[in-house]
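Architecture and fold: a report
These are the residues of each chain, in order.
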Amino acid sequence: MGLFDDDFYSTKISRRRSRMHEASSGSGGHKWPRRSRRGLATWQVAMICSVASAVTAVLLFSLVTGQLTHEKAESPAVIGKVAASSGDPYDRIIQAAALVRPAVVSIINHKEDNKELNILDESALGSGVIYKKDDGKAFIITNNHVIEGAGKLEVVTVNGETRKATLVGADKVSDIAVLSIDAEGIKTVAQIGDSSKLRLGETVIAIGNPLGLGDTLTSGIVSYTERTIPVSLNQDGVYDWEQEVIQTDAAINEGNSGGALVDLNGKVIGINTMKISDTGVEGLGFAIPANHVMETADELAAKGKIARSYLGVYSVDLNNPYVPLAEDQRKELKLPDSVKDGVVVLDAVGPAKVAGLQLNDVITKFDNQSITSTLSLRKYLYDHTKIGDELKITFYRNGEVKQVTVKLLEKPEE
C-alpha cells in the first residue's frame, strides 16, 4: 500500500480495477462481448516501458552534456599523481593530500626561556614544508614567528622521525624563515604552484600540526585571492606593515603556522600564517601566497637574510586614529593647518642622524611621494628604494618646511 494509496508507479493492475472487473463479469451479471485480439502480458508491458525509459534517459543526457559523439573520449589530464579532471572532488582531495603530506613536517621550537626546564607550550609548536633538496640537505619553509626566540629547533617528519634542524635565515617583515635538515631518507619534496592563478571559490587543503596534532588535514575554499591586512611587526598594537594574503575558510589553528595550503593538483599555493580568533568569528584563515614566499625563501637560502634599505628613524603617526597625539603635543610641533598627515620623528639614528633629522621633525614626503604614516614610510623604503640610494626627504621643523638628502644603508640585523 503506497503512502497516497495509489498505484501510479506500479506495473501491477489496480486492486480497484480488479474488483470492478470481477463485479462486471461475475455470475448473474451481464457480460460484455470480449474482443478476439489478445493483449500483452503485464511483464511484457513492464519490460517495454523500462527499455523505452532507459533509451530516453540516455538520449536526453547526451544532448544536455554534449557528449553524444562518434569520437573516442580522451583520458583525463594528469598532473603529478592527481587526475585534473577527476569527477569526484573528494577523490582529488585524497590524492592531493597523499602527494603533499610526506613533505609537511612538524616543528618544535625549544625556546631559550624554557630550555633548562624542557617545557613545550603551544607557542613552541608549528609546521613547515620541505621545498627542495641540495648538497645533502633538505630545506624547509616555515613562518618567522614559529622559530622566533629559538634555543633549539627540531623537525618531526610524517613518519614520526625527529631530526635536529638548523636555522638558515629568517625575515620578520615577510614572516618567512628557512630551516635545513639532513636530507638522508627524505624522498618527497613539495611541488610549488603559481598562486597568481588562484580562483575565488577554488577548493584548497591545509596540512599541518595544529595544537600539536601533527599530520592534520582540513579543507575549504579560497574566500579571497589577494587580501591585504594590516600587521603590527613589533606587536605593539600599532599597524606598521601590510601583508598580502590568501583568505580561506579551511580550519587553521595554532600550530598550523608554516604549514601548506594546497590546491587540488597537489601543489603548495600558500604558507599558512594566521587566523582571526575572536568571539563570533569563524572561517577566517590566511596564508602567504606561494609566489611571495618563494622570492623570500630563495634569498634567505642564498644569503641568510633579506637585504633592505635603512633610514634610521623611530616614529609615530601624526594622524593615527588608534594612537592619536594629544592636543598639546600637536601644538608643540607648530605645524601649518594645511598639514594633516605625516610621520613625527621620535629618534634619529644611522643615516637619518647623519643627515640631520631630529626629534619632532615631521616627515611628509619621500622623493615628492606623500608619506602619511609609518606604514607608508616603510613600504616606500622597502618597495621603491635599494641600498645605497639617495633619498630626498621633505619635513617640517618648528613650522618651517625643509628638505634633506639621505644616503640609505643596509638595514642592520635586529
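Quick notes on the rules
- Residues numbered from 1 in each chain as written.
- Predicted model: local features only at pLDDT ≥ 70, side-chain atom pairs only at ≥ 80, totals over all residues.
- Heavy atoms only, no water.
- Helix = DSSP H or I, 4+ residues; strand = E, 2+ residues; numbered from the N terminus.
- Buried < 20%, exposed > 50% of the residue type's maximum accessible area, 1.4 Å probe, protein only.
- Contact = heavy atoms within 4.5 Å.
- Areas by Shrake-Rupley, 256 points an atom, 1.4 Å probe, with all protein chains shown as cover.
- Expected span 1.5 Å × (residues − 1).
- Pairing = 2+ DSSP bridges.
- Axes fitted to C-alpha atoms, helices over the stretch in contact; angles between N-to-C directions.
- pLDDT = per-residue confidence, 0-100.
- Phe/Tyr/Trp six-rings, centres within 6.5 Å; stacked < 30°, edge-to-face > 60°.
- Lys NZ or Arg CZ within 6 Å of the ring centre and 35° of its normal.
- Core = buried A, V, L, I, M, F, W, Y, C linked by side-chain atoms within 4.5 Å.
- Polar contact = N/O pair within 3.5 Å; in protein donor to acceptor, adjacent residues only side chain to side chain.

**Here we look at the overall build of the protein chain**
Within the protein chain one finds eight helices and 23 strands. The proportion of buried residues among the 414 residues of the protein chain is 38%. Contacts in the protein chain between residues far apart in sequence, at least 24 positions, make up 61% of those at least 6 positions apart. For the protein chain, the exposed surface amounts to about 25100 Å²; the carbon and sulfur share of it is 51%.

**Observations concerning helix α5 (residues 290-303)**
Compared with an ideal rise of 1.5 Å per residue, which puts 14 residues at 20 Å, α5 spans 20 Å between its outermost C-alpha atoms and is within 8% of the ideal. Among the residues making up α5, those that are buried are A290, V293, M294, T296, A297 and L300. Looking one or two places after α5, you find G304, whose phi comes out positive at around 85°.

**Details of the sheet that holds strand β4 (residues 125-134)**
Backbone-to-backbone hydrogen bonds join strands into a sheet, with any given pair of strands oriented parallel or antiparallel. Ordered by their spatial adjacency, six strands build a closed barrel running β3-β4-β5-β8-β7-β6, and the pairing between neighbours is antiparallel. Pairwise comparison of adjacent strand axes, ignoring direction, gives a mean angle of 40° for this sheet.

**Looking at the confidence of the model for the protein chain**
In the predicted model, the protein chain carries a mean pLDDT of 81, and 73% of its residues have values of at least 70. Predicted confidence is poor over residues 1-38, with pLDDT under 50, and the contacts of this stretch with residues over four places away or in other chains come to 10 contacts. Low confidence marks residues 67-79, where pLDDT is under 50. Its contacts with residues over four positions away, or in another chain, come to 11 contacts.

**A few points about the packing of aromatic side chains**
Evaluation of the coordinates by the stated rule reveals two aromatic pairs. Between W241 and Y382 the ring centres are 5.5 Å apart and the planes differ by 55°, which places this aromatic pair in the tilted class. Taken together, the residues span a long stretch of sequence, with W241 in strand β12 (residues 241-248) and Y382 in helix α8 (residues 374-384) at a distance of 141 residues. W241 sits in the buried class, given a relative accessible area of 9%. On the accessibility criterion, Y382 (16% relative accessible area) is buried. In this arrangement the basic side chain of K132 is found over the ring face of F139, its NZ or CZ atom lying 5.0 Å from the centre.

**Side note on unusual backbone geometry**
The general pattern is negative phi for most residues beyond glycine and trans for most peptide bonds. Although it is not a glycine, K334 adopts a positive phi angle of roughly 60°. Note that K334 resides in the loop between α6 (327-333) and β18 (343-348). Of note in the backbone geometry, D367 takes a positive phi value of approximately 50° without being a glycine. Within the secondary structure layout, D367 lies in the loop between β19 (362-366) and β20 (369-370). The class of D367 is partly exposed, set by a relative accessible area of 32%.

**Observations concerning the environment of K411**
Within the fold, K411 resides in the segment after β23 (409-410). Separated by 104 residues in sequence, K411 and A307 place their C-alpha atoms 6.8 Å apart. Residue contacts for K411: discarding those within four places in its chain leaves R308, S309, Y310 and Y382.

**Details of the nonpolar core**
Of all hydrophobic cores here, the largest spans 41 residues; its most connected members are V100, I141 and V268. Once residues within four sequence positions are removed from consideration, I141 is found in contact with S127, G128, V129, Y131, I176, A177, G258, I271, V293, M294 and A297. In this structure, V231, L233, W241 and L377 belong to the second largest nonpolar core, which totals 25 residues.

**Re the side chain of S309**
Inspection of the secondary structure puts S309 in strand β16 (residues 309-310). Given the relative accessible area of 4%, S309 is considered buried. Among the polar contacts made by the side chain of S309, one reaches the side chain of T385 at a distance of 3.0 Å. One polar contact links the side chain of S309 to the main-chain carbonyl oxygen of K386, over a distance of 3.4 Å. With near-sequence residues (within four places) excluded, S309 lies in contact with L381, Y382, T385, K386, I387, L408, L409 and K411.

**A few points about the environment of T405**
Turning to its location among the elements, T405 is positioned in strand β22 (residues 400-407). Given the relative accessible area of 48%, T405 is considered partly exposed. Residues T405 and D367, spaced 38 residues apart in sequence, show a C-alpha to C-alpha distance of 9.4 Å. Discounting residues that sit within four places of it in the chain, T405 has contacts with A355, E390, L391 and K392.

**Some thoughts on the pairing of β18**
Sheet topology places strand β17 (residues 313-317) next to β18; five bridges connect them, and they run antiparallel. Pairing of S315 across the sheet is with V345, part of β18. Across two bridges, the pairing between β18 and β19 is antiparallel. Along β19, the bridge assignment pairs V344 with V362.

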